[in-house]
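# Overview (structure and organization)
This is what each chain is made of:
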Amino acid sequence: MTISSVETAAVSAPTPERIERIRAAAFRIRHHALNMGEVQGQGYVGQALGAADMFAAVYADQLNYRAEDPHWADRDRFLLSTGHYAIGHYAALAEAGIVPVSELETYGSDDSRLPMSGMSTYTPGMEISGGSLGHGLTIAVGMALGLRAQNSTNRVINFLSDGELDEGSTWEAAMGAHHHQLGNLIAMVDINALQADGATNTVLRTEPVTEKWESFGWYTQRVDGNDVGALLAAFDNIATRRAAAGSSASGQPSVILCDTKVGRGVPLLETREKAHFMRIDENEWQICRDQLTAGYEGAASA
């Protein structure tokens, strides 16, 4: 497990049982994503595979929600700023019981509640319509302010991508979150180093990312986003700090920077050159599922 932060971690490591529970959820999320991708024969499968551990940590360990009532007033809010990651989010919503697993086969089809880019008007549990990158954190700041005004202690968790760090509106929102001391706001950044136009560092260099978020006044941790134990430890650190503050909605906003690998868990896709929007041959889908299962079972027995 690797974890770095502006403070030394003060909580005990997550238990093996807890880690395995989230790792199993991530495996199922990846499996669902492959099945959905096969419906269209293409899509943002690589991002879903890479971010599956992040989705699993949120939905199987962190989020306060009611599967039967997605609009429950006392829920935590999870905002998918990166609308094209919807395939991974749908898989997580199915894992959480908010969307039926059987409905996943309608992904991207006409009249489906699961369009290729996430839309809150269609999908239960989808808080915002993502896609215009750079808007999610701004909306999250507004939601966090609104919840605090209602004396709610519920959290807002905003999932965004490293590509969104190219957008000035993201940094305006980051500055606003610190100004308003939104201790009920957590950002998760998927740093997979890839954008539609190529490698992130060739499109617009954003490093040093950790130091940037720290300078904007956020409690900042950078972890291996495909290491479930590190993800859980990062959330535990945030919870410990918030508990010390009396679970107040005021305080330092938090960000978890997650280094991930596109196609994680499927070697065939991890090495694809054009990986932002993948086209996968008909005969390759079962190979992908077999590799995913072999890797998961092999790690479990190691």
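All figures in this text were calculated on a predicted structure; none of them were measured in a lab. Throughout this document, residue positions are counted from 1 along each chain, in the order its sequence is written. Owing to the predicted nature of the model, reporting of local features is limited to residues with pLDDT of at least 70; listing and counting of side-chain atom pairs is limited to 80 or more, with chain, interface and lining totals taken over all residues. The basis for the side-chain values is all heavy atoms of the structure; hydrogens and waters are excluded.

### A short note on the overall build of the protein chain
Which entries qualify depends on this criterion: Secondary structure counts use DSSP, requiring at least four H or I residues in a row for a helix and at least two E residues in a row for a strand, with both numbered from the N terminus. We call two residues in contact whenever any of their non-hydrogen atoms come within 4.5 Å of each other.
When its secondary structure is counted, the protein chain shows 10 helices and 10 strands. Principal-axis analysis of the C-alpha atoms gives the protein chain an extent of 55 × 40 × 40 Å. Counted over contacts in the protein chain with a minimum sequence separation of 6, partners at least 24 positions apart contribute 77%.

### A closer look at helix α3 (residues 86-95)
Defined as follows: We call a residue buried when its accessible area falls under 20% of the maximum for its residue type, exposed when it is over 50%, and partly exposed in between, using a 1.4 Å probe and counting protein chains only.
Along α3, 9 of the 10 residues are buried, which leaves the element largely enclosed by surrounding structure. Along α3, the positions that sit buried rather than exposed are Ala-86, Ile-87, Gly-88, His-89, Tyr-90, Ala-91, Ala-92, Leu-93 and Ala-94. Close packing links the buried residues of α3 with α1 (16-40), α2 (45-62) and β3 (77-80). Gly-97 occupies a position one or two residues after α3 and carries a positive phi of about 85°.

### Looking at the packing of aromatic side chains
The test is simple: Each aromatic pair joins two rings of Phe, Tyr and Trp (for Trp, the six-membered one) with centres within 6.5 Å, and gets the label stacked for planes under 30 degrees apart, edge-to-face for over 60, and tilted for any other angle. The criterion is that NZ of a Lys, or CZ of an Arg, lies within 6 Å of the ring centre and within 35 degrees of the ring normal, and then a charge sits over that ring.
The full count for this structure, using the stated rule, is 12 aromatic pairs. Put simply, the rings of Phe-55, Tyr-59, Tyr-65, Phe-78, Tyr-85 and Phe-159 pair up and form one aromatic cluster. Positioned above the aromatic ring of Tyr-219, the side-chain terminus of Arg-241 is 3.8 Å from the ring centre.

### What about the side chain of Thr-220?
Quick note on the threshold: Between N or O atoms, a polar contact is any pair within 3.5 Å; within protein, one atom must be a potential hydrogen donor and the other a potential acceptor, and residues adjacent in sequence are included only when both atoms are from side chains.
Take Thr-220: it is sitting in strand β8 (residues 219-224). With relative accessibility at 0%, the residue Thr-220 sits in the buried group. Within the structure, the side chain of Thr-220 is placed 3.5 Å from the backbone nitrogen of Glu-214, a separation counted as a polar contact. A polar contact of 3.0 Å, which involves the side chain of Thr-220, links it to the backbone oxygen of Trp-218.

### Quick notes on the pattern of salt bridges
Heads up, the condition is: Every case where a carboxyl oxygen of Asp or Glu lies within 4 Å of a side-chain nitrogen of Lys or Arg is listed as a salt bridge.
The final tally for this structure, using the stated rule, is 13 salt bridges. A salt bridge links Glu-95 to Arg-28, with the shortest nitrogen-to-oxygen separation between them at 2.6 Å. Placement of the pair is Glu-95 in helix α3 and Arg-28 in helix α1, with a sequence separation of 67 residues. Residue Arg-30 is joined to Asp-53 by a salt bridge in which the shortest nitrogen-to-oxygen separation is 2.6 Å. With Arg-30 in helix α1 and Asp-53 in helix α2, the pair connects residues that are 23 residues apart, well separated along the chain. A residue is classified by how much of its surface remains accessible, and Arg-30, at 7% relative accessible area, is buried. Since its relative accessible area comes to 4%, Asp-53 is described here as buried. A single network of salt bridges, built from pairs that share partners, joins Arg-18, Arg-21, Asp-61 and Asp-236.

### Examining helix α4 (residues 136-149)
Convention followed: The length a helix should cover is 1.5 Å for every residue beyond the first. The directions from the helix axis to the C-beta atoms form the arc being described.
Between its first and last C-alpha atoms α4 spans 20 Å; for 14 residues at 1.5 Å apiece the expected length is 20 Å, and the two agree. Along α4, the residues that are buried comprise Gly-136, Leu-137, Ala-140, Val-141, Ala-144 and Leu-147. Taken end-on, α4 shows its buried residues confined to a sector of 140°, consistent with a single buried face. Tucked inside the fold, the buried residues of α4 contact β3, β4 (156-161), α5 (168-179), β5 (185-191) and α7 (209-215). Asn-151 sits one or two positions beyond α4 and adopts a positive phi of about 65°.

### Observations regarding the packing of α1 against α2
Put simply, the test is: Helix axes are fitted only over the stretch in contact, all axes being lines through C-alpha atoms; the angle between N-to-C directions runs from 0 to 180 degrees. Angles below 35 degrees are treated as roughly parallel, those above 145 as roughly antiparallel, those between 65 and 115 as roughly perpendicular, and all remaining angles as oblique. We call a crossing left-handed when the near helix sits turned anticlockwise from the far one by less than a right angle, and right-handed when that turn is clockwise. Under the convention adopted here, Pro, Cys and the residues Ala, Val, Leu, Ile, Met, Phe, Trp and Tyr are nonpolar, Asp, Glu, Lys and Arg are charged, and Gly plus all remaining residues are polar.
Across the interface, α1 lies against α2 with an axial gap of 8 Å and an inter-helix angle of 140°. It follows from the interaxial angle that α1 and α2 lie oblique. Considering the relative orientation of α1 and α2, their crossing is right-handed. Judged by residue contacts, Arg-18, Arg-21, Ile-22, Ala-25, Ala-26, Ile-29, Arg-30, Ala-33, Leu-34 and Gly-37 of α1 engage Val-45, Ala-48, Leu-49, Gly-50, Ala-52, Asp-53, Phe-55, Ala-56, Ala-57, Ala-60, Asp-61 and Gln-62 from α2. Among the residues making up the contact of α1 with α2, the classes are represented as 14 nonpolar, 3 polar and 5 charged.

### Topic: the nonpolar core
Basically, it comes down to this: Definition of nonpolar core: a set of buried residues of the types Ala, Val, Leu, Ile, Met, Phe, Trp, Tyr and Cys, connected through side-chain atoms within 4.5 Å.
In this structure, Leu-34, Tyr-59, Phe-78, Tyr-90 and Leu-269 are the most contacted members of the largest nonpolar core, which totals 63 residues. Sort the elements by how many residues they give to this core and α2 lands first, with 11 residues. If we skip the residues at most four places from it in the chain, Tyr-59 touches Tyr-65, Phe-78, His-89, Ala-92, Leu-93, Ala-96, Ile-98 and Gly-125. Membership of the second largest hydrophobic core comes to 24 residues, among which are Leu-147, Val-156, Leu-165 and Val-255.

These figures come from the coordinates and say nothing about function on their own.
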